[in-house]
Amino acid sequence: QVQLVESGGGLVQPGGSLRLSCAASGLAFSIYAMEWYRQAPGKQRELVAGISSGGSTNYADSVKGRFTISRDNAKSTVYLEMNSLKPDDTAVYYCHVDIRWSLEFWGQGTQVTVSS
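Below is a summary of the structure that appears in this document. All of these numbers come straight from a predicted model, not from anything done at the bench.

## A closer look at the nonpolar core
Line of reasoning, step 1. If you look at the biggest cluster of nonpolar residues, it comprises 32 residues, and the most contacted ones within it are Trp36, Val78, Leu80, Met82 and Tyr93.
Line of reasoning, step 2. No other element matches strand 9 (residues 91-100), which puts five residues into this core.

Laid out in structure tokens, this is it:
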């Protein structure tokens, strides 16, 4: 049974930082690309960052230079380090993995709120 267990998130002031974690189980973690998505109220879910099995990364333009995705294969965990946070970053953040055709898994989501 594949599970993605998230931690982190919370309330932070503009300019602050948070580190999200997603611990995976039930799969050969090291061979899969991992992704972070987010969904703000009234908006579509969007891809924030991705990291391949080989460690290459990609980011949405809105977070490039502020967010860093990384992975620790020994711990089967993917991270999202978020710096210089803005109110527009407020959203529910989801961990995601695409195993194969018609088989994908999502974390439970964790709330990130950036507000004064």
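Moving on, there is more to tell.
## A short note on the sheet that holds strand 1 (residues 3-7)
Line of reasoning, step 1. On the basis of which strands lie adjacent, the open sheet formed by four strands has the order 1-3-8-7 and antiparallel pairing. The open sheet terminates on both sides in strands that have one partner only, identified here as strand 1 and strand 7 (67-72). Within this sheet the neighbouring strands show an average axis-to-axis angle of 15°, counted without direction.
Line of reasoning, step 2. Two elements, strand 7 and strand 8 (residues 77-82), share six bridges in a ladder whose sense is antiparallel. If you follow Ile69 over to strand 8, its bridge partner there is Leu80.

## What about the packing of aromatic side chains?
Line of reasoning, step 1. Taken as a whole and judged by the stated rule, the model has two aromatic pairs.
Line of reasoning, step 2. When the ring of Tyr37 is compared with that of Trp106, the centres are 5.1 Å apart and the planes differ by 65°; the resulting orientation is edge-to-face. Of this pair, Tyr37 sits in strand 4 (residues 34-39) while Trp106 sits in strand 10 (residues 103-106), and the two are 69 residues apart along the sequence.
Line of reasoning, step 3. Residue classification places Tyr37 among the buried positions, given a relative accessible area of 18%.
Line of reasoning, step 4. Residues Tyr94 and Trp106 carry aromatic rings whose centres are separated by 6.3 Å and whose planes lie at 90° to one another, so their mutual orientation is edge-to-face. Of this pair, Tyr94 sits in strand 9 while Trp106 sits in strand 10, placing them twelve residues apart in sequence.
Line of reasoning, step 5. Owing to a relative accessible area of 33%, Trp106 belongs among the partly exposed residues under this scheme.
Line of reasoning, step 6. A network of ring pairs unites the aromatic residues Tyr37, Tyr94 and Trp106 as a single cluster.

Reading the values: the criteria
Residues numbered from 1 in each chain as written. Predicted model: local features only at pLDDT ≥ 70, side-chain atom pairs only at ≥ 80, totals over all residues. Heavy atoms only, no water. Core = buried A, V, L, I, M, F, W, Y, C linked by side-chain atoms within 4.5 Å. Buried < 20%, exposed > 50% of the residue type's maximum accessible area, 1.4 Å probe, protein only. Helix = DSSP H or I, 4+ residues; strand = E, 2+ residues; numbered from the N terminus. Pairing = 2+ DSSP bridges. Axes fitted to C-alpha atoms, helices over the stretch in contact; angles between N-to-C directions. Phe/Tyr/Trp six-rings, centres within 6.5 Å; stacked < 30°, edge-to-face > 60°.

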